[in-house]
Amino acid sequence: MSLKKIEEMNHYEILNVNRSASQQEIQKAYIIAKAAYQKDSLAHYNLVSESERKEMMTQIERAYLILSHPKKRKKYDLRTFHYKNENKEASFYRQSTQKLVIEDGEKKGFWTRLKNKIFFLRKP
Amino acid sequence: MDNEPKVPMLSVHTDSEKTIWAVGGGKGGTGKSFISSSLAIHLSSLKEDVVLIDADLGGPNLHTFLGMEESDIDLGHFFTNKVAKLQDTISLTPFEGLRLIKGTENVLFTSNINYYKKLKLIRHIKTFNAKRVIIDIGTGTSYNCIDFFLLSNPGILVVNPEPTAIENAYYFLKSCIIRILKFYIDHYGIQDLAKKVSDQIQDTSKSIYSFFSEIISHDKFYADLLYRALQRFNPCLIINKARDERDVLLGESIANVVQKYLVVELKFMGAVPFDENVHWSLKGITPFMINHPDSEAANAIKSIAEKLSGRNESKRIAIEAKVS
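Conventions we followed
Residues numbered from 1 in each chain as written. Chains lettered and ligands numbered in written order. Predicted model: local features only at pLDDT ≥ 70, side-chain atom pairs only at ≥ 80, totals over all residues. Heavy atoms only, no water. Axes fitted to C-alpha atoms, helices over the stretch in contact; angles between N-to-C directions. Helix = DSSP H or I, 4+ residues; strand = E, 2+ residues; numbered from the N terminus. Contact = heavy atoms within 4.5 Å. Phe/Tyr/Trp six-rings, centres within 6.5 Å; stacked < 30°, edge-to-face > 60°. Buried < 20%, exposed > 50% of the residue type's maximum accessible area, 1.4 Å probe, protein only. Buried area = accessible area lost by both parts, 1.4 Å probe. Salt bridge = Lys/Arg side-chain N within 4 Å of Asp/Glu carboxyl O. Polar contact = N/O pair within 3.5 Å; in protein donor to acceptor, adjacent residues only side chain to side chain. Core = buried A, V, L, I, M, F, W, Y, C linked by side-chain atoms within 4.5 Å. Pairing = 2+ DSSP bridges. Lys, Arg positive; Asp, Glu negative; His and termini not counted.

1. Focus on the packing of helix α9 (residues 208-218) of chain B against helix α10 (residues 220-230) of chain B
Phase 1 of the analysis: One way to put it is that α9(B) packs onto α10(B) with a least axis distance of 6 Å and a crossing angle of 150°. Contacts between α9(B) and α10(B) involve B:I208, B:F211, B:F212, B:I215, B:I216 and B:H218 on the former and, on the latter, B:K220, B:A223, B:L226, B:Y227 and B:L230.

So this is what it looks like as structure tokens:
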């Protein structure tokens, strides 16, 4: 875990689950998080300000809305992790969309194939 | 972190394999002595070598939880140099494998021990011969309480599902965190930066998170160093006197809030249900774990003790090895 501001945390960090978490684990984490930041909860008593609590509740709901929905979650994962890490250089001039990730993937595949071909031809 | 300060209290700087648990929580009456004595009785029944230390310097009564009468020797003899070693103040208990260092009755003297006596006690706790040490800490957020808590690995926070207990537990945790941060801030010579940030957030927020989110904007390098130092502090949480499932969920929720707003990982170990018989056992000066060994509360304590000592984990590994 690294030092991050809450607004910079991804949905998994907000719900406090691993990226490989099952739907059941996400559901459980959501129940715990929601219980923690409800207005009448004792868990934030005299520690979290009202504005911080409200902001956190919004973040929790937003995170759950995405992570509880398999298709939305897959899209979010692609955009947040896969796209950022693996295709950052190839598509730095574009805004992220799933389609472009696929295009980049194909492009990378083409160059890789070409390189492999050349490499293979040079082999004794 | 090669250039780390050697903080005398922090267990993270010891190489010893000895396990020291400290049971604290800030508020009085949450059941710290009940939990520490019950954990010790259960572990000794599993043939573990356990030493219980009554470090409630202002009001020791752990011996009563063990059903013991007064003993001839206590911590006072160590503080007044009547014995040279802490080891010499150990009393035997009615439970095989469990020994006790009794708090002194001369509380006026010991509740205000000076810094050097405290360091001496900490040094002896770290070096004396015992596999597992359980320290029962007193009420409040005095330096004595905090430093005994920071000595442990892990510190165990006992909280009741009530606003007063939770509030005091947060004060206690924050005091521990501020003490750790202060050591590092002094070591790195960034007092000015820390003061500037603290002054900025003083009126707007009560959380350690605000300190970090503000210090990141000023100096990301030192923010990261302080954050990493803090990640070595991993206290545990027990909810005592739980009445229903909502109180169990409260334990999980507290851990969640602490992770986000106090920036440390608090592991929730479980909840001990409220049991009227705890009161009656204490009245009869007999340990609850002996009187009601199969009660829900006793079973919860057994499970927590085994989780804390890693017995559950080794059981799981043994079963997995058998299966494979």
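2. Digging into the packing of aromatic side chains
Residue and element names in this part refer to chain B.
Phase 1 of the analysis: Following the criterion strictly, the structure yields 16 aromatic pairs over all chains and no others.
Phase 2 of the analysis: On the basis of an interplanar angle of 55° and a centroid distance of 5.9 Å, the ring pair of F78 and F79 is categorised as tilted.
Phase 3 of the analysis: For F78, a relative accessible area of 0% puts it in the buried group.
Phase 4 of the analysis: According to the relative accessible area criterion, F79 is buried, its value standing at 3%.
Phase 5 of the analysis: With 5.6 Å between their ring centres and 80° between their planes, Y115 and Y116 make a pair best called edge-to-face.
Phase 6 of the analysis: Owing to a relative accessible area of 64%, Y116 belongs among the exposed residues under this scheme.

3. Considerations on the interface of chain B and chain A
Phase 1 of the analysis: Tallying the contact residues gives 32 residues for chain B and 27 residues for chain A.
Phase 2 of the analysis: For the pair chain B and chain A, the summed buried area comes to about 2600 Å², and 63% of that belongs to carbon and sulfur atoms.
Phase 3 of the analysis: On the chain B side of the interface with chain A, the three residues burying the most area are B:Y227, B:K260 and B:Y261, jointly 24% of the side's total.
Phase 4 of the analysis: Our enumeration of links across chain B and chain A arrives at 0 salt bridges.
Phase 5 of the analysis: Counting across the chain B and chain A interface gives 7 residue pairs in polar contact (both at pLDDT 80 or more).
Phase 6 of the analysis: Only α7 (163-188), α9, α10 and α11 (245-261) of chain B provide two or more residues apiece to the side of chain B that touches chain A.
Phase 7 of the analysis: At 10 residues, the largest contribution of residues to the side of chain B that touches chain A is made by α11(B).

4. Some thoughts on the nonpolar core
Residues and elements named next belong to chain B.
Phase 1 of the analysis: Counting residues in each nonpolar core, the largest one holds 101 residues, and the members touching the most others are I125, I135, F212 and I254.
Phase 2 of the analysis: Those residues in contact with I135 that lie beyond four places of it in its chain are I20, W21, A22, V23, I53, A55, I125 and L151.
Phase 3 of the analysis: Grouped together as the second largest cluster of nonpolar side chains are 33 residues, F34, A40, L62 and L66 included.

5. Observations concerning the sheet that holds strand β2 (residues 50-55) of chain B
Residue and element names in this part refer to chain B.
Phase 1 of the analysis: Strands sit in the order β3-β4-β2-β5-β1-β6-β7-β8 across an open sheet of 8 strands; the sheet is mixed. In the strand order of this sheet, the two ends are held by β3 (90-92) and β8 (267-273), each with one partner. If you compare each strand with its neighbour and ignore which way they point, the axes differ by 25° on average.
Phase 2 of the analysis: Across the sheet, α11 touches β7 (236-242) and β8, and the angle it forms with β7 is around 155°.
Phase 3 of the analysis: Running over the sheet, helix α14 (residues 296-308) touches β1 (19-24), β6 (155-159), β7 and β8 and is turned about 160° from β8.

6. Thoughts on the pairing of β1(B)
Residues and elements named next belong to chain B.
Phase 1 of the analysis: By the criterion of burial, β1 is predominantly enclosed, with 5 of the 6 residues buried.
Phase 2 of the analysis: Where β1 lies against strand β5 (residues 132-137), 5 bridges are found, and the strand directions are parallel. Pairing of T19 across the sheet is with R132, part of β5.
Phase 3 of the analysis: As paired strands, β1 and β6 are joined by 3 bridges and run parallel to one another. Paired with G24 across the strands is L157, a residue of β6.

7. Some points on the side chain of B:D136
Residue and element names in this part refer to chain B.
Phase 1 of the analysis: The topology assignment puts D136 in strand β5.
Phase 2 of the analysis: Summary of buried charges: D136 has no salt-bridge partner, and the nearest side chain of opposite charge, K32, is 6.4 Å away.
Phase 3 of the analysis: In terms of polar contacts, D136 uses its side chain to reach the side chain of S33, at 2.6 Å.
Phase 4 of the analysis: The residues contacting D136, other than those within four sequence positions of it, are V23, K32, S33, S36, I53, D54, A55, D56 and L62.

8. Some remarks on the pairing of β2(B)
Residue and element names in this part refer to chain B.
Phase 1 of the analysis: The buried fraction of β2 amounts to 6 of the 6 residues, a majority that puts the element mostly inside the structure.
Phase 2 of the analysis: Residues V50, L52 and D54 line one face of β2 and the alternating positions V51, I53 and A55 line the opposite face, and both faces are buried.
Phase 3 of the analysis: Both β2 and strand β4 (residues 98-101) contribute to a ladder of 4 bridges, which runs parallel. Its bridge partner being in β4, I53 is matched across the sheet by I101.
Phase 4 of the analysis: Pairing analysis gives 6 bridges linking β2 to β5, with the strands arranged parallel. Directly across from I53, in β5, lies its bridge partner I135.

9. Some remarks on the pattern of salt bridges
Phase 1 of the analysis: If you walk through the whole model with that rule in mind, you get 9 salt bridges over all chains.
Phase 2 of the analysis: The salt bridge involving B:E48 is made with B:R132; its shortest N-O contact spans 2.6 Å. Of the two residues, B:E48 is situated in the loop between α1 (32-45) and β2 and B:R132 in strand β5; the sequence distance between them amounts to 84 residues.
Phase 3 of the analysis: Bridged by salt links that share partners, the residues A:K39, A:E50 and A:R53 form one connected network.

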